[in-house]
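Single-letter residue listing:
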Amino acid sequence: MKSRVLPLFLMLLLLLLGGACQTADQTLDEEQFTSTLTPDRPFRPLHATLSAPQHSKSTDSDERVDSETPSIERPTLTGDLDAAISSTTDALLSAINLRRALDGWLPLVGQAALIEIANNRAIDMSVHAYLSHEDPETAEILVENMLIEMGYHGKVAELVYAANEPLDRLGAIAIEEWFDDPDTRSVLLSPGFRFIGIGMRGDGTTWKIVQVLAEHGP
């Protein structure tokens, strides 16, 4: 009887060890996969959810959402860099809203406060030569504090992007890369976001583009 019990016990032990090794391999694969996602891609989105400011009334109902998608225009650099940048950001928003319309979602509404935040972030990254959601010296999430100060709440997101392209090609390249990236695409096509600001700064060939999205306005 003992001679039969021992082989059965050994077989059970081998099965347990094999299962443990398989589990260890799966854990290692998951850890390696996680580590490959850790470095911040140039256009990896930052997500956050902000609490509603105390004693404040949302003015979302005062915002008008246009049912028609703006037409897309290809900007050209004519010597007035500010005008060309403004034309580019308008074209980017039009292209984003066209993609949203194809998916059945309402267009994002540009807001002056979010545009100001996005421009400040793009200027800061251009001046200090970095690309990150965090301040390179303090590791502070800069956009979060800006949004809180402006009274935004609910879901918010920031997309940061850098490119070395001529301005007349930048918009098309940026849109292609944003919608090719699953994380960025999920933000831009999310029905949960209603408002957006796009900021952009550069020297004619090197550009920083920042998008700031919010669910609820101040």
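Details of the structure are given in the entry above.
Nothing here was measured: the structure is a model prediction, and the numbers come from that model.

> Even after reading the chapter, I still don't get the environment of Asn119, so can you show me in this structure?
Mapping Asn119 onto the fold places it in helix α3 (residues 112-127). A polar contact of 3.3 Å, which involves the side chain of Asn119, links it to the backbone nitrogen of Met200.

> Help me out: how do you make sense of the side chain of His133 in this one?
Tracing the backbone through its elements, the reader meets His133 in the loop between α3 and α4 (142-150). Polar side-chain contacts of His133 include one of 2.6 Å to the side chain of Glu158.

> So what exactly am I meant to see when it comes to the packing of α3 against α4 here?
In a pair of packed helices, the angle between the axes and the distance between the axes together describe the arrangement. Two elements in contact, α3 and α4, have axes whose closest approach is 11 Å; the angle formed by their N-to-C orientations is 155°. Considering their axes alone, α3 and α4 lie roughly antiparallel with respect to each other. Our pair here, α3 against α4, has a crossing hand that is right-handed. Between α3 and α4, the residues in contact are Ala113, Leu114, Glu116, Ile117, Asn120, Arg121 and Asp124 and Leu142, Val143, Met146, Leu147 and Met150, respectively.

> Teacher, can you tell me more about helix α2 (residues 81-102) here?
Given 3.6 residues to a turn, an α-helix orients residues that are three or four positions apart in the same direction. Along its 22 residues, α2 runs 32 Å from first to last C-alpha, staying within 8% of the 32 Å computed at 1.5 Å per residue. Among all positions of α2, only Ala84, Ile85, Thr88, Thr89, Ala91, Leu92, Leu93, Ser94, Ala95, Ile96, Asn97 and Arg100 are buried. Along its buried surface, α2 packs onto β2 (109-110), α5 (167-180), α6 (182-188), β4 (195-202) and β5 (206-216).

About the criteria used
Residues numbered from 1 in each chain as written. Predicted model: local features only at pLDDT ≥ 70, side-chain atom pairs only at ≥ 80, totals over all residues. Heavy atoms only, no water. Helix = DSSP H or I, 4+ residues; strand = E, 2+ residues; numbered from the N terminus. Polar contact = N/O pair within 3.5 Å; in protein donor to acceptor, adjacent residues only side chain to side chain. Axes fitted to C-alpha atoms, helices over the stretch in contact; angles between N-to-C directions. Parallel < 35°, antiparallel > 145°, perpendicular 65-115°, else oblique. Left-handed = near helix turned anticlockwise from the far one by under 90°. Contact = heavy atoms within 4.5 Å. Expected span 1.5 Å × (residues − 1). Buried < 20%, exposed > 50% of the residue type's maximum accessible area, 1.4 Å probe, protein only.

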